[in-house]
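Topology and contacts: notes
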Amino acid sequence: TDTKQATDVSPLTSRPLLKTETPKRSLHDTSLEPLQSSTSVTFPPPPTKRRIVRLNSVLQMRERIAANADEQAKRLLRSSKFVGLIDETRCLIQHSTDLLLARLVPLSTALFYQLMVFNFANHGEMILSEPAPVKELLIISQSLGPTSFKSEDPSAFVQNAIQTLQSNSAMLWDYFSMKFEPDTTNGDLMLVSLPLLLQKYIPDLTRLPIYVMRLATEVNWDEEINCFEDICRITAEFYAPVPKLSLLSTSEKLAEGTAKIDDDVKDTSSSGQTPEVPVRWMIEHVLWPALSSSLIPGHGLLYEAPPLSQLSSQPQSASSQCAFFRLTRLSDLY
């Protein structure tokens, strides 16, 4: 991607400020107690100064978000009260006298996309406790993804994907705090860190193989704005919560062939807790507060009285972007 110099102090191609690794936090740290089962990342300290971005492509992306804002949906989000989770992708909220069902997938995908765009070149990082070998992630992705993801020549696919990620690693690191670097012993490309989009929020790392594969194959690396949009979109979809059934299916497949990835692509628990506990805690105490206070909702999220078929945890494509449904109104109960 051809990038432009766009800061007031230092070029965006310089090393980001937030890159000094700190000792891993103890699982007994009370501030992280609800996340005890998520031991595969560490969090460096926050940045001391933001870099100003003047890239036209990024400014255009920000303008599009603002232009598509739905003020009615924004007021609903800001004034709603969290009632409780149904599962990892749906929750109940109260707005005035209405009880609403909120779909977290379209909401959180939009939020993470906006965080990628508005914090462009200023992301914190999550450092994997053990760097993940990109080759192994790509091999695993061929058995996890849909048929359309599979290559007729897996070996050539893996090598081309590695070359693509390696050739763009400087940009990914500088703009998105996503570090790919060669292993010091054998030279294999390793994934070292991911962008920190929300404090104390960790995406489902069992989906890491598909995420890396999509970065290597679905990004338009030749046009700047398309490149940035693709990276932000793919990353947002990776960070968004997924239905529990999908989590279990992916975890079972990973268990068959991830011995070389260690804990970096597994949702394991050294404390004996199930993965469901921290995931639900993160959604209620980290993700939902960010959604209700910071998301700029776009048009098309508000719907009324949906058919029951639209309320399933895995909606049909026609309704996949619907986020709010009115279930009942207090006045209707009396």
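Every value quoted in this text rests on a predicted model; they were computed, and no experiment measured them.

Next up on the list: the nonpolar core. Grouped together as the largest cluster of nonpolar side chains are 82 residues, with contacts concentrated most on Phe176, Leu191, Phe228 and Ile231. Per-element accounting of this core gives the leading share, 9 residues, to helix H8 (residues 224-239). Not counting residues within four places of it along the chain, the set of residues in contact with Phe176 comprises Met116, Phe120, His123, Met171, Pro195, Phe228, Ile231 and Cys232.

Moving on to unusual backbone geometry. With the exception of glycine, most residues fall at negative phi, and the peptide bonds are largely trans. Positive phi, normally seen in glycine, also occurs at Ser96, with a value near 55 degrees. By the element assignment, Ser96 lies in the loop between strand E3 (90-95) and strand E4 (98-103). At Lys200, a position not held by glycine, the phi torsion is positive, near 70 degrees.

Moving on, we get to the pattern of salt bridges. Between side chains of opposite charge, a pair can form as their charged atoms come close. Evaluation of the coordinates by the stated rule reveals 8 salt bridges. Two residues, Glu229 and Arg64, come together in a salt bridge whose shortest N-O distance is 2.3 Å. Of this pair, Glu229 sits in helix H8 while Arg64 sits in helix H1 (residues 56-67), and the two are 165 residues apart along the sequence. A salt bridge links Asp98 to Arg326, with the shortest nitrogen-to-oxygen separation between them at 3.3 Å.

Moving on, we get to the packing of aromatic side chains. Applying the stated rule across the entire model yields 11 aromatic pairs. Measuring from ring centre to ring centre gives 4.3 Å for Tyr211 and Phe238, while their planes differ by 10 degrees; the resulting arrangement is stacked. With Tyr211 in helix H7 (residues 208-217) and Phe238 in helix H8, this residue pair connects regions lying 27 residues apart in the sequence. Judged by its relative accessible area of 2%, Tyr211 is buried.

Here we take up the sheet that holds strand E5 (residues 124-133). Adjacent strands of a sheet pair through backbone hydrogen bonds, lying either parallel or antiparallel. Strands sit in the order E1-E5-E7-E6 across an open sheet of 4 strands; the sheet is antiparallel. Edge strands, defined here as strands with exactly one partner in the open sheet, are strand E1 (41-42) and strand E6 (179-182). In this sheet, strand E7 (residues 189-196) lies alongside E6 in antiparallel orientation, the contact comprising 4 bridges. Directly across from Phe180, in E7, lies its bridge partner Leu191. Across the sheet, helix H4 (residues 134-144) lies against E5, E6 and E7, angled at about 80 degrees from E5, the strand it touches most. Taken strand by strand, helix H6 (residues 169-176) contacts E5, E6 and E7, and its axis lies near 145 degrees from that of E6.

The rules behind these values
- Residues numbered from 1 in each chain as written.
- Predicted model: local features only at pLDDT ≥ 70, side-chain atom pairs only at ≥ 80, totals over all residues.
- Heavy atoms only, no water.
- Core = buried A, V, L, I, M, F, W, Y, C linked by side-chain atoms within 4.5 Å.
- Buried < 20%, exposed > 50% of the residue type's maximum accessible area, 1.4 Å probe, protein only.
- Helix = DSSP H or I, 4+ residues; strand = E, 2+ residues; numbered from the N terminus.
- Contact = heavy atoms within 4.5 Å.
- Salt bridge = Lys/Arg side-chain N within 4 Å of Asp/Glu carboxyl O.
- Phe/Tyr/Trp six-rings, centres within 6.5 Å; stacked < 30°, edge-to-face > 60°.
- Pairing = 2+ DSSP bridges.
- Axes fitted to C-alpha atoms, helices over the stretch in contact; angles between N-to-C directions.

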